Amino acid sequence: MILMDSFHKVKYIHTFWQALKHTFGMAVIMLCILLLLIPASTSAIPDISIFNVDYTHNQMKYRFYLENINVIVNGAVILMGVVLAISLFRFMLAKRSSDAYFSLGITRIKLVIIHSFAGACYMALVLFISLFVSLLLNLMAFTEYGFAPYAISGFFYIWTGFFVLALVSFMITLLTCCLVGTIAETTFFSIIFIGSVSIIFYGISTLAKQLLFGNSFGLTVSTGGSAVSSNMVTMLESFNPALFFLNASKNFCAQYVRYDAYIEPDQDYRLCVLWIIIAILLLTGCFFSIRFRKAEIAGVSGKCVPVNFFVTFLVSFLGFTVVLNTVAAYGLFLAIIIAFLTFIVLYIILEKLQTRQLWKGLWKLPIQFGIVAFVVIILYTGGFGYSSRIPVSDQIKEVEMSYIGSPNYLSSDNGGTSNGKQYYVRSDYTYTKSDDVKEIIDVHRAIIDAGKPKLAVDMEHFSSTAVPYDIIIKYTLKSGNEITRYYDRTTMEVLEKMLSLDDTQTVHNNIQSSILSLTNSNYGAAGAYKNGLIYLNNTLYTNPKQVLMNADQRTKLLSCIAADVAAQSIEDRYFTKESAVGVIMFSLTGSQNSLTFAYNIENTLVYVTPNFTQTIQYLEDTNLYQYFQTTDEIENVSLQAYNPYISVVNTQTSPKSQYFLGYIKDTAHEFIQTKDFGNDFLIDTPERLAQVIPLLQNDYFMSRGGYLAQIKIKGKDKYVYKFLPAEVAPQFVIFNLRK
Amino acid sequence: MIKVESITKKFGDYTALENFSLTIHEGHIYGIVGYNGAGKTTLMKTIAGIYRPERGSITMDDVEIYENERIKGTFFMVQDEPLFFPQATLTSMEGFYKGYYPGWNDSVFKKLIELFGLNPKGRINGFSKGMQRQASIILGLATMPQYLLLDESFDGLDLAKRNLLKALLFAYLKANATNILISSHNLKELEGICDHIAIIKDKELSFGDSVEHMRQERRKFHVILPDEHEKQEFYKMGFKNVEGSYKTYTFISKTTEEETRTVLQPLSPTSFQSIALTLEEIFLDEMEEFEYDFNGFFS
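All of the points below concern the structure found in this document. (Residues numbered from 1 in each chain as written. Chains lettered and ligands numbered in written order. Predicted model: local features only at pLDDT ≥ 70, side-chain atom pairs only at ≥ 80, totals over all residues. Heavy atoms only, no water.)

Here the focus is the interface of chain A and chain B. Between chain A and chain B, the contact holds 30 residues from the first and 29 residues from the second. When chain A packs against chain B, close to 2800 Å² is buried across both sides, 53% of that on carbon and sulfur atoms. Among the residues chain A hides against chain B, the three largest losses belong to Arg96(A), Leu104(A) and Glu296(A). Together they make up 22% of the total. The tally of links from chain A across to chain B stands at seven salt bridges. Residues Arg108(A) and Glu67(B) are paired through a salt bridge, measuring 4.0 Å at the closest nitrogen-oxygen approach. In this assembly, chain A and chain B are joined by 18 residue pairs in polar contact (both at pLDDT 80 or more). Of all elements in the fold, only helix 1 (2–43), helix 4 (95–102), helix 5 (108–142) and helix 11 (270–292) of chain A reach the threshold of two or more residues within the side of chain A that touches chain B. The element that contributes the greatest number of residues to the side of chain A that touches chain B is helix 1 of chain A, accounting for eight residues. (Contact = heavy atoms within 4.5 Å. Buried area = accessible area lost by both parts, 1.4 Å probe. Salt bridge = Lys/Arg side-chain N within 4 Å of Asp/Glu carboxyl O. Polar contact = N/O pair within 3.5 Å; in protein donor to acceptor, adjacent residues only side chain to side chain. Helix = DSSP H or I, 4+ residues; strand = E, 2+ residues; numbered from the N terminus.)

Applying the stated criterion across every chain yields a total of 62 aromatic pairs over all chains. Arranged with centres 5.5 Å apart and planes meeting at 75°, the rings of Phe11(B) and Tyr51(B) form a pair that is edge-to-face. Of this pair, Phe11(B) sits in strand 1 (residues 2–11) while Tyr51(B) is found in the loop between helix 1 (40–47) and strand 4 (55–60), placing the two residues 40 residues apart along the sequence. With relative accessibility at 7%, the residue Tyr51(B) sits in the buried group. One aromatic cluster is present, built from ring pairs that chain together Phe89(A), Phe91(A), Tyr101(A), Phe102(A), Phe170(A), Phe76(B), Phe85(B), Phe96(B), Tyr97(B), Tyr100(B) and Tyr101(B). Positioned above the aromatic ring of Phe102(A), the side-chain terminus of Arg108(A) is 4.0 Å from the ring centre. (Phe/Tyr/Trp six-rings, centres within 6.5 Å; stacked < 30°, edge-to-face > 60°. Buried < 20%, exposed > 50% of the residue type's maximum accessible area, 1.4 Å probe, protein only. Lys NZ or Arg CZ within 6 Å of the ring centre and 35° of its normal.)

A word on the packing of helix 3 (residues 70–89) of chain A against helix 5 of chain A. Residue and element names in this part refer to chain A. The N-to-C vectors of helix 3 and helix 5 enclose an angle of 145°; their axes lie 10 Å apart at closest approach. In terms of crossing hand, the pair formed by helix 3 and helix 5 is right-handed. Across the interface between the two elements, Val 77, Met 80, Gly 81, Leu 84, Leu 88 and Phe 89 from helix 3 touch Leu 111, Val 112, His 115, Ser 116, Ala 118, Gly 119, Tyr 122, Met 123, Val 126 and Leu 127 from helix 5. Tallied by class, residues from the contact of helix 3 with helix 5 come to 12 nonpolar, four polar and no charged. (Axes fitted to C-alpha atoms, helices over the stretch in contact; angles between N-to-C directions. Left-handed = near helix turned anticlockwise from the far one by under 90°. Nonpolar A, V, L, I, M, F, W, Y, C, P; charged D, E, K, R; others polar.)

The subject of this paragraph is the pairing of strand 2 (residues 14–24) of chain B. Looking along a regular strand, one sees the side chains alternate between the two faces of the sheet. All names here are of chain B. Relative to strand 2, strand 1 is paired through seven bridges, and the arrangement is antiparallel. Bridge pairing links Phe 11 to Tyr 14 in strand 2. With antiparallel pairing between neighbouring strands as the criterion, strand 1 and strand 2 make up a hairpin whose turn holds two residues, including Gly 12 at a positive phi of roughly 65°. (Pairing = 2+ DSSP bridges.)

Everything listed here is a matter of geometry and, on its own, says nothing about what the molecule does.
Right, here's the structure in full:
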């Protein structure tokens, strides 16, 4: 017995040694790849080498590999797990070797344990060598700067994380190996399984993006750079076998001395512990699978029905979501139909490849199809109440909501675009007061009730016209949870309702702070009020005058403006009945923008209407009111009906602000919209001009419809663009522009 | 003693063996025979612990063989398609198997290589089919197993090597308390070597007994009759596998010589001889259900 026990030990060592021997070549290949990706990438490129002091600037503490190849390095580590597992367990995927190994005097489970141990040794060693070489290079490069301890702790953290990453991939591949019959199946299926979490969450995110009204996952605002909410793949990275170490490796593959307020995350080993536990569970699953694995399936594909089902479903589902996402721009229902057809085609191809007996496996198609159809229906019908959910007001701690009103009082550096005519600014306010929150809830309800309308104009009822817009509502509950909703469009009627937020305490206070330079911000309108050059101009923008003011004079002017703005109602501000008498511009950029176009992000405007009593009084007292006067005459006015979709080629596809701000150009036909064909309606008779000109507005919220007006200045090549509201348009205008 | 008890082995919808039982006593050379696809290899692999039966059990001394390290360490199966690693030589394969078989004998290994005239450092994948077969037999015998399973191992060997292998198996059996199982569809190969035969027919054990007892149970007779008779007459008398024409006939009978003579008496045979049956004849007698008539088959 003692001799047999000794022989057993010898046998196990022999098995281990044989496993190492047969996989040595693959391990060497992976070592070469990782040596290239890790130490070579960080040190061998002269311009960006860790040895190049001009590049590292004494700020780099260490860098094991180039940060921008972090995804590739993670991918290589995963690949190592996959190829080593296939190399160590390919014996069970071919008839001869399967029969030979399973006939040996060693149990299947022990074969798995010993071969897995061999794989783990190789993975640990390959990663250790690659990272250790890089560590040595880093120590050579940075020790004199005292950065050695950071590099050493970083080394252990990265090594541990990558080892666990490789181990998980290894175990997934091993489990696949135990379940299927061929190397091709093992390779393809294990990659699918490793990516399964990503596929599922990518798919759900993509479907939610297209189907779920109010979905915020994985969306970015139209101005780019800012995610509404992380997509599900990113949010759930920690639970993803392919991505759980991606972020941590990105943070710790290199470290720098920081001079800003950035707080470096801790090296968190808990995720590694969690995934080691998962790897052990996978190994346990392998024990069960290998014990009952039928040796006769070696070399035969399509023998594991559950695996085939799952893989076929995942790949077909992925194809479905990619096609839906791609074709949705041309019509949602068309996209759904084409996506389902894609699903069926992919299913047929995969089933034929795996089993070669299509008819036998057809029973799975309705089940898989049904699962996808179920998900589509659930999302399309509101995601079990997701679309209609609004938290109760007393549960809400604060809410952040997109602001669609005037950009002339904003105090932050918001993203935006402008092209000298039309503009779009992203901004949000955070509301905490209960009355404000109730107002938000009211607005939110209106957004939900309006649904997801088709992007189209309704010339009969212009307020029903739907336009693209970024509307984000983020509730932070008292429990700490967050509820975020995003809407990429709404109707003019709803946009107009959102203007009611100007009456909230939050917006009112922010506007006042901005004008009165009470904020710390030097950006946007607040910065312009605080530090910008001051111009006074007539309402035709033809004669801007820079006004020099000392601090007291500026303060006085701003306090008058603040008081007048505070007294404005929503109607006064956005749907004024009275035309402006002049324009005050505050400009951080000065020069051309102020002189020609009313708006860019670093300017702000005050349209002084007769209601601005305090401002007018101050300007009169200081003899500045004269600069609102002009002797310019109007030669003619050309009109186009405002229609965001007037052009097929230039139809509005991205958000544009609906708050019209006038501007001046040197050329004609510089409307904010481009008509494909047809002439503009020209008004050049004195009677009609006298009727129309007083009705033209420099600023107006276009939600109720109206007409874009081009004013030709007599004797000058100057064209001023204003807005004629539909509510006050004369009959002859309505008649001539009724189509 | 190996007991195969009521095993059923399926491959998907196809049943290879059904309710199959067989007892293999020690110290014998068993021949497992049957038509192509009868289940011979399936049975061998199931006994070797490679396949797991859906029903039934295979035990050695009442201990389940499947996944039993100790027992499986005493088995060696020479596969019909043996495993050789890429670029492997006999020397490198020795290194592989040596670690799994406590009985490995270096001296036997070297002697066998010399006997078969193979190059121990030559790439096995470069050998001919017959030489590869010899290589796998050498490896199998060198492990000195208690149970040696040979699956179609004579296939591909030339006549000289077949005789050599037969002699080796006898010598091995004589020198060690072992059991040898040989599967083949070629009864001529097993002639003179197997002392027990198991015939697989219709997924079950059709016949499993010693060759001696099989020969006692049936006999072949050669008779010459004064008149010509139809074969049907002999079949009506209960004889089988009737061959011959005009007045000379051979047939197989399960009755004794005396009883057969008595039955034939009405035909007044002029010559009556009892001939020893070959294994092939026993097999055909056991398996053959009908005679083929190929007249007009290809016209």
